[in-house]
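Single-letter residue listing:
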Amino acid sequence: MRLFAALVSRCPGLSQRHSTSTWSSPGSIWTHTAKITNNKNYRTIAAQHRRWAHRHSTLAGAPEQPGDDVNTVKAAFMVIGDEILSGSVQDSNTPWLAKFLRARGVDLVRVEFVPDTFEDIGDSLLRLRRKVSENGFVFTSGGIGPTHDDISYQAIAKALGLTIELHQETVERMKVHYAERNIELNEARLRMAQLPSPCTVLPPPENSWVPLCCCGGNVYILPGIPRLFTTMIENHADVFRGHGEIFTRELFSQMGEGDFSEPLRRIAAEFKDVRIGSYPNTKWNMSNPAGNDALDYRVKIIVEGKNQALVDEAVAEIDKIV
């Protein structure tokens, strides 16, 4: 048996204390009802909208009761599009978002793939909001283009009990964008500026007009195009932070999972506040043992938690069985 252990240091980009992490936006924050000046930080805006979501819990589908762990910030992701479900387009936003959030102390706890229908989008949205609670985040991707099947803004507004209004700030940015490219800003394209109201509109990245629309305090509506999806989230990265730090240890073994599954199960039951996952090397081939000699490991075990001492204790116990 050959064993390797690697300590993965504290995730980069995490604030020491979430309650003290503040920053000012690079531009103005827009709402349909008021202009919020750029001396307001995103935490203040988020708090205001979460209070709004609580007051409108019946219409907005807000959680019926607080989250079971106030120290954990959760996120959920709804991927919208018939083209995803049919296999015509491959989703790459989910793994990127999972890694992005994990590095900021946020747990991505649910991902749902839904077709372009009002009912499916609405049902999924309300279900995901209940899952993450008021202090969590719900992200959506896809369905905000100019064609007939792009209904995400309308479906989300309906589910949250909101209206749809033309967002003039976005229209002005679109005018500049399309004029520079000698493209007509027609009615179809203007549909992309019809946003749920009220909402908070975070300014787009440089050289882009596409807004990051936040509804109900914690629902962030994004395009499905990976380049835009990732850039828009990174442009407002400090909005999406959790509490504390995540400590990760990785162990690599040449044993098979069946050789240590039972003792690993007992360790996992003992350390309930630590996540323990076992992942076989997908390149390992039982039918070609000789080809496995070049592989560094057969199984990788990942141990994660927000209490470093507990993570270290769990690793020490696992080390004894693998």
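Located above this text is the structure these notes cover.
Rules used throughout
Residues numbered from 1 in each chain as written. Predicted model: local features only at pLDDT ≥ 70, side-chain atom pairs only at ≥ 80, totals over all residues. Heavy atoms only, no water. Axes fitted to C-alpha atoms, helices over the stretch in contact; angles between N-to-C directions. Helix = DSSP H or I, 4+ residues; strand = E, 2+ residues; numbered from the N terminus. Parallel < 35°, antiparallel > 145°, perpendicular 65-115°, else oblique. Left-handed = near helix turned anticlockwise from the far one by under 90°. Contact = heavy atoms within 4.5 Å. Disulfide = S-S within 2.5 Å. Buried < 20%, exposed > 50% of the residue type's maximum accessible area, 1.4 Å probe, protein only. Expected span 1.5 Å × (residues − 1). Arc of directions from axis to C-beta. Phe/Tyr/Trp six-rings, centres within 6.5 Å; stacked < 30°, edge-to-face > 60°. Core = buried A, V, L, I, M, F, W, Y, C linked by side-chain atoms within 4.5 Å.

1. As for the packing of helix H4 (residues 93–102) against helix H9 (residues 226–235)
Where H4 contacts H9, the two axes come as close as 10 Å, and the packing angle between them is 15°. It follows that H4 is roughly parallel to H9 by the angle criterion. Remark: the crossing between H4 and H9 carries right-handed chirality. The residues of H9 that touch H4, namely those facing Asn93, Trp96, Leu97 and Phe100, are Pro226, Phe229, Thr230, Ile233 and Glu234.

2. Details of the state of the cysteines
If you walk through the whole model with that rule in mind, you get zero disulfides. There is no disulfide at cysteine 199, and the cysteine sulfur nearest it, in cysteine 213, is 3.5 Å away. Owing to a relative accessible area of 1%, cysteine 199 belongs among the buried residues under this scheme.

3. Some words on unusual backbone geometry
Cis geometry is found at the peptide bond from serine 197 to proline 198, where omega equals 0°. Mapped onto the secondary structure, proline 198 falls in the loop between strand E8 (194–197) and strand E9 (200–202). Unlike most non-glycine residues, serine 133 shows phi in positive territory, near 70°. Mapped onto the elements of the fold, serine 133 is located in the loop between helix H5 (118–132) and strand E6 (137–141). With a phi close to 65°, asparagine 207 is a non-glycine residue in the positive phi region. For asparagine 207, the location among the structural elements is in the loop between E9 and strand E10 (212–215).

4. Here we look at helix H7 (residues 168–180)
Spanning 13 residues, H7 covers 19 Å between terminal C-alpha atoms, matching the ideal 18 Å at 1.5 Å per step. Those residues of H7 lying buried are Thr170, Val171, Met174, His177 and Tyr178. Around the axis of H7, the buried residues are gathered within 125° of arc, so they sit on the same side. Every exposed residue of H7 that faces more than 90 degrees away from the buried side is listed here: Ala179 and Glu180. Two residues or fewer after H7 comes asparagine 182, characterised by a positive phi angle close to 55°.

5. A few points about the packing of aromatic side chains
In total, this model carries 11 aromatic pairs according to the counting rule given. Taken together, a centroid distance of 5.4 Å and an interplanar angle of 80° make the contact between phenylalanine 137 and phenylalanine 240 edge-to-face. Of this pair, phenylalanine 137 sits in strand E6 while phenylalanine 240 sits in the loop between H9 and strand E12 (247–253), and the two are 103 residues apart along the sequence. Classification of phenylalanine 240 as buried rests on a relative accessible area of 0%. Note on tyrosine 220 and phenylalanine 240: the rings are 4.9 Å apart at their centroids and 85° apart in plane angle, and the pair reads as edge-to-face. Taken together, the positions of tyrosine 220 in strand E11 (residues 219–222) and phenylalanine 240 in the loop between H9 and E12 put the pair 20 residues apart, joining distant regions of the chain. Neither tyrosine 220 nor phenylalanine 240 differs from the other in exposure class; each is buried. Through pairs of rings, three or more aromatic residues link up here, namely Phe77, Trp96, Phe100 and Phe229.

6. Here's the deal with the nonpolar core
In terms of nonpolar packing, the biggest core is built from 31 residues, with Leu101, Phe137, Phe139, Tyr220, Leu222, Ile233 and Phe240 touching the most fellow members. Apart from residues lying up to four places away in sequence, leucine 101 is in contact with Ala75, Val106, Leu108, Phe139 and Phe240. Core analysis: the next-biggest nonpolar cluster, separate from the first, contains 25 residues, Met78, Val114, Ile144 and Ile221 among them.

All we've got here are geometric facts, nothing functional implied.
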